[in-house]
Amino acid sequence: MSLSISLIVNGAPRRVDLDDPRVTLLDLLRERLHLTGTKKGCDRGQCGACTVLVDGRRINSCLALAASCDGADILTIEGVARGEVPHPVQAAFIEHDAFQCGYCTPGQIMSAIGLIQEAQTGDDPERIREAMSGNLCRCGAYAGITAAVQDAQR
Ligand code: FES
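Just so you know, these numbers come straight off a predicted model, no measurement behind them. (Residues numbered from 1 in each chain as written. Predicted model: local features only at pLDDT ≥ 70, side-chain atom pairs only at ≥ 80, totals over all residues.)

Draft legend 1. Fine view of the overall build of the chain. The helix and strand tally for the chain stands at 5 helices and 5 strands. Beginning at the N terminus, the succession of helices and strands in the chain can be written as β-β-α-β-β-β-α-α-α-α. Taken against the 2.2 N^0.38 rule, which gives 15 Å for 154 residues, the C-alpha radius of gyration of the chain at 15 Å falls within 12% of a compact globule. Split into buried and exposed, the 154 residues of the chain put 38% on the buried side. Sequence separation of at least 24 residues holds for 58% of the intrachain contacts in the chain that already meet a minimum separation of 6. (Helix = DSSP H or I, 4+ residues; strand = E, 2+ residues; numbered from the N terminus. Rg over C-alpha atoms; globule rule 2.2 N^0.38 Å. Buried ≥ 20, exposed ≤ 12 C-beta atoms within 10 Å, placed from the backbone. Contact = placed C-beta atoms within 7 Å.)

Structure (structure tokens):
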């Protein structure tokens, strides 16, 4: 049985037929919409590499069924820059060397954008680290990530 859903993805309306209602938002983004900036790390909600914003809220897209996102507004890493101008969070990550291998970086940046929109932490590094704790970095670039999030909020 095929299911048709409508989404806004990075500002553009998309209609997608799902052959399998169990497909995750992560797989829909990567495999159907070819938005491969969103990464698959653990595929079980533990690493945060797949973080996107759904209606402005941070989620692990590997844990969300695409069908449950019918009508939602999705923002992925591909949608945050304005042409050649990086998003302020992207610019701050570059400024502070907030990555090493870069695999977790799209998820880190989407989480940071959501965190800043939530406006819960201010620039308190402890609160930023706590609020970003769902995003793991195997290279251990946490000091740079925290500094970038602090900087991007100013
Ligand atoms: Fe979704 Fe790891 S791939 S949390």
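Draft legend 2. Highlighting the packing of helix H3 (residues 105-118) against helix H5 (residues 142-152). It is at 10 Å that the axes of H3 and H5 come closest, and there the two elements cross at 40 degrees. Considering the angle they form, H3 stands oblique to H5. Considering the relative orientation of H3 and H5, their crossing is right-handed. Touching Gln 108, Ala 112, Leu 115 and Ile 116 of H3 are Ile 145, Val 149 and Ala 152, all from H5. (Axes fitted to C-alpha atoms, helices over the stretch in contact; angles between N-to-C directions. Parallel < 35°, antiparallel > 145°, perpendicular 65-115°, else oblique. Left-handed = near helix turned anticlockwise from the far one by under 90°.)

Draft legend 3. Expanded view of the domain arrangement of the chain. Domain annotation for the chain reports domain 1 (3-79) and domain 2 (88-152). Taking only C-alpha atoms into account, the centre of domain 1 sits 21 Å from that of domain 2. In this assembly, 14 residues from domain 1 lie in contact with 13 residues from domain 2. Mapped onto the side of domain 1 that touches domain 2, the elements with two or more residues apiece are strand S3 (51-54) and strand S4 (57-60). (Domains from an automatic or database assignment.)

Draft legend 4. Geometry of H3. An ideal rise of 1.5 Å per residue puts 20 Å on 14 residues; H3 measures up with 20 Å between its terminal C-alpha atoms. Burial within H3 is extensive, with 11 of its 14 residues counted as buried. Those residues of H3 not exposed but buried are Thr 105, Pro 106, Gly 107, Gln 108, Ile 109, Met 110, Ser 111, Ala 112, Ile 113, Gly 114 and Leu 115. Phi turns positive one or two residues past the end of H3, at Ala 119, with a value near 55 degrees. (Expected span 1.5 Å × (residues − 1).)

Draft legend 5. Quick peek at the sheet that holds strand S5 (residues 73-75). Here we have 5 strands laid out as an open sheet, ordered S2-S1-S5-S3-S4, and mixed in their pairing. Edge positions in the sheet fall to strand S2 (12-18) and S4, since each of these pairs with one other strand and no more. Here the average twist between neighbouring strands, direction ignored, is 40 degrees. Two elements, strand S1 (residues 3-9) and S5, share 2 bridges in a ladder whose sense is parallel. In the sheet register, Val 9 faces S5, and the bridge partner there is Ile 74. (Pairing = 2+ DSSP bridges.)

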